[in-house]
Amino acid sequence: MPKPIVAVVGRPNVGKSTLVNRIAQKKDAIVHESRGVTRDRSYHDADWNGVDFTLVDTGGIETGKSDDAFAGRIREQAEAACEEADAIVFVVDATTGITEEDETVARILRRTKKPTFLVANKVDNPADEKTIWDFYSLGLGEPRPLSASHGHGTGDLLDEVVAALPEPADEPVYPKDALRLAIIGRPNVGKSSITNRFAGKNRSIVSDVAGTTRDALDVVVERGGKRYRLVDTAGMRKRNLVHEDVEYYSLVRGLRAIDEADVCLLVVDASIGVTEQDQKVAGLAIERGCGLIVLLNKWDLVSTDEQREDVMQSVARRLTFAPWAPVVRVSALTGRSLDKVWPFVDKVAAAHNGKIPTGLLNDMLAKMRESGHTVVKGPKRLRITYANQTGNRPPAITFFCNFPELVDDNFRRFLENRLRATFELTGTPVRLRFRKKQQSA
């Protein structure tokens, strides 16, 4: 059943993300003393007294006078979160008193007609509670003293919040687990635009400024009776280029999204071609065992045959370690070929989670022995007697042999190529393991 939604809103740096982490009992939301760290809505599962709900951490709402280039769109994102919310938690800073920005937020919230809970955060000492009563003037009822960093008052707040949530409605029957897709790539290649195209609405802030998306965002897309969970990650840069702490936290979030994904969609700017950093991001996905599909975005900007050839050469040159990854030429701006991505997603996911019958694996080995393909070093000759699949997501194949130490990179590549030629392994890495065959007594 769909979970009710609780949106946490307020001006920047009042402790919204700290409160979200406290309630969700995790550290998903980025917390930093810098102003305006959270820009997009980010979603977190939470529960209280047996009631499950979705917690939405929003970017800080600022007035039109703000010099933050993103202030207007941050406000739009927060307003969108309020529209979809069943209840709203409005966080203010008890240590600073009422600000013009607080009054702006209050005006927005009074128009929503949603259950709204005014929280005066940073009341770390109960003796300071008397400082919060000025917040009555915001017209949103009694302010609740709270310390998100220490946990004081969160239980009482949650009691009130869950009591105001609607009874869950019946939900259509979906597959138990949605296929998890991480949309990855370096900054400003069009990841958020592609996510918005897939979702059919503007969930992520889209801008031509590199690094706009800092948090990983989840959105569920349903197609043909299947459910897909898309994660639009912050653009990942080289670690030595991550100067801001915030950018580092975003990188960590992106890596975590890859760790949780079944399939990664690597978005590449086709007007530039595959760069060294694209290469590194692809390597991270493969290293962590994800299926991989390459999306050459902005293909509408590639206008000549020479440019197209250059782009495809960059793919071949930079992604030599993943020739098995499908490449789809798309345009988030025009919608070109985005529908073609989904059949590849299904195909890659099936290969990623598939099981190769043991009998067929050993039939392949028998044909290899007949052709004489093996490794010989001095008096030692590699003999593989048996193979079976010992894992998936990605597929892991264990080969039992007499001298595992004889297996070199060339033979590994040969064996992987033979596996891919024999079985359907499109878009997924393959793990090869070699074990010494135990001698019978």
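In this text, all values refer to a predicted model and were calculated from it rather than measured experimentally.

Procedures and definitions
Residues numbered from 1 in each chain as written. Predicted model: local features only at pLDDT ≥ 70, side-chain atom pairs only at ≥ 80, totals over all residues. Heavy atoms only, no water. Helix = DSSP H or I, 4+ residues; strand = E, 2+ residues; numbered from the N terminus. Buried < 20%, exposed > 50% of the residue type's maximum accessible area, 1.4 Å probe, protein only. Contact = heavy atoms within 4.5 Å. Pairing = 2+ DSSP bridges. Axes fitted to C-alpha atoms, helices over the stretch in contact; angles between N-to-C directions. Core = buried A, V, L, I, M, F, W, Y, C linked by side-chain atoms within 4.5 Å. Parallel < 35°, antiparallel > 145°, perpendicular 65-115°, else oblique. Left-handed = near helix turned anticlockwise from the far one by under 90°. Arc of directions from axis to C-beta. Phe/Tyr/Trp six-rings, centres within 6.5 Å; stacked < 30°, edge-to-face > 60°. Lys NZ or Arg CZ within 6 Å of the ring centre and 35° of its normal.

So, the overall build of the protein
Next, step 1: Along the backbone of the protein there are eleven helices and 17 strands.
Next, step 2: Considering the protein as a whole, with its 441 residues, one finds that 50% of them fall into the buried category.
Next, step 3: Look at the contacts in the protein between residues 6 or more apart in sequence, and 70% of them connect residues 24 or more apart.

Some points on the sheet that holds strand β15 (residues 384-391)
Next, step 1: In spatial order, the strands read β15-β16-β17; together these three strands make up an open sheet with mixed pairing. Strands with a single pairing partner mark the edges of an open sheet, and in this sheet they are β15 and β17 (431-436). Geometrically, the sheet is characterised by an average inter-axis angle of 25° between neighbouring strands, direction not taken into account.
Next, step 2: Two elements, strand β16 (residues 396-401) and β17, share six bridges in a ladder whose sense is parallel.

Some details on the nonpolar core
Next, step 1: Ile-184, Cys-264, Leu-266, Ala-285, Leu-292, Val-294 and Leu-296 are the most contacted members of the largest nonpolar core, which totals 25 residues.
Next, step 2: Element by element, the count of residues in this core is highest for helix α7 (residues 276-287), at four residues.
Next, step 3: Excluding anything up to four places from it in sequence, Cys-264 contacts Ala-182, Ile-184, Ile-258, Ala-285, Cys-290, Gly-291, Leu-292 and Ile-293.
Next, step 4: By size, the runner-up hydrophobic cluster in this structure holds 24 residues, among which are Leu-179, Val-219, Val-328 and Leu-338.

Section: the packing of helix α10 (residues 358-371) against helix α11 (residues 409-422)
Next, step 1: The N-to-C vectors of α10 and α11 enclose an angle of 125°; their axes lie 11 Å apart at closest approach. On the basis of the axis angle, α10 is oblique to α11. Here the hand of the crossing between α10 and α11 comes out right-handed. Note on element contacts: α11 touches α10 through Phe-411, Phe-414, Leu-415, Arg-418, Leu-419 and Thr-422, opposite Leu-361, Met-364 and Met-368.

Focus: unusual backbone geometry
Next, step 1: Note the cis peptide between Arg-393 and Pro-394, where omega equals 5°.
Next, step 2: For Pro-394, the location among the structural elements is in the loop between β15 and β16.
Next, step 3: The backbone of Lys-122 sits at a positive phi, close to 75°, despite the residue not being glycine.
Next, step 4: Positionally, Lys-122 belongs in the loop between β5 (116-121) and β6 (144-145).
Next, step 5: When its relative accessible area of 31% is taken as the criterion, Lys-122 is described as partly exposed.
Next, step 6: Of note in this structure, Asn-188 is not a glycine but carries a positive phi near 70°.
Next, step 7: Here Asn-188 lies in the loop between β7 (179-184) and α5 (191-199).

Quick look at the environment of Gly-200
Next, step 1: Tracing the chain through its elements places Gly-200 in the loop between α5 and β8 (217-223).
Next, step 2: Sequence-wise, Gly-200 and Val-221 are 21 residues apart; in three dimensions their C-alpha atoms are separated by 8.8 Å.

Examining helix α4 (residues 154-164)
Each α-helix winds once per 3.6 residues, and so residues spaced three or four apart point in a common direction.
Next, step 1: The complete set of buried residues in α4 reads Thr-154, Leu-157, Leu-158, Val-161 and Val-162. Viewed along the axis of α4, the buried residues span an arc of 120°, placing them on a single side of the element. Exposed and oriented more than 90 degrees from the buried face of α4 are Asp-156 and Ala-163.

Concerning the packing of aromatic side chains
Next, step 1: On inspection of all chains with the given rule, the structure shows six aromatic pairs.
Next, step 2: Aromatic pair Trp-133 and Tyr-136: ring centres 5.8 Å apart, planes at 20°, arrangement stacked.
Next, step 3: Aromatic ring contacts, followed pair by pair, group Phe-198, Tyr-228 and Trp-342 into a single cluster.
Next, step 4: Over the aromatic face of Trp-299 sits the side chain of Arg-329, whose NZ or CZ is 5.4 Å from the ring centroid.

Some remarks on the environment of Phe-117
Next, step 1: Considering the arrangement of structural elements, one finds Phe-117 in strand β5.
Next, step 2: Owing to a relative accessible area of 6%, Phe-117 belongs among the buried residues under this scheme.
Next, step 3: When the C-alpha atoms of Phe-117 and Leu-158 are compared, they prove to be 10.0 Å apart, with 41 residues separating the residues in sequence.
Next, step 4: Contacts of Phe-117, omitting those with residues within four sequence positions, involve Ala-87, Ile-88, Val-89, Phe-90, Arg-144, Leu-157, Glu-160, Val-161 and Ala-164.

Examining the pairing of β15
Next, step 1: Pairing between β15 and β16: six bridges, direction antiparallel. Looking at β16, one finds that Ala-387 is bridged to Phe-399.
Next, step 2: In this structure, the hairpin formed by β15 and β16 is closed by a connection of four residues, where Arg-393 is found at a positive phi of approximately 55°.

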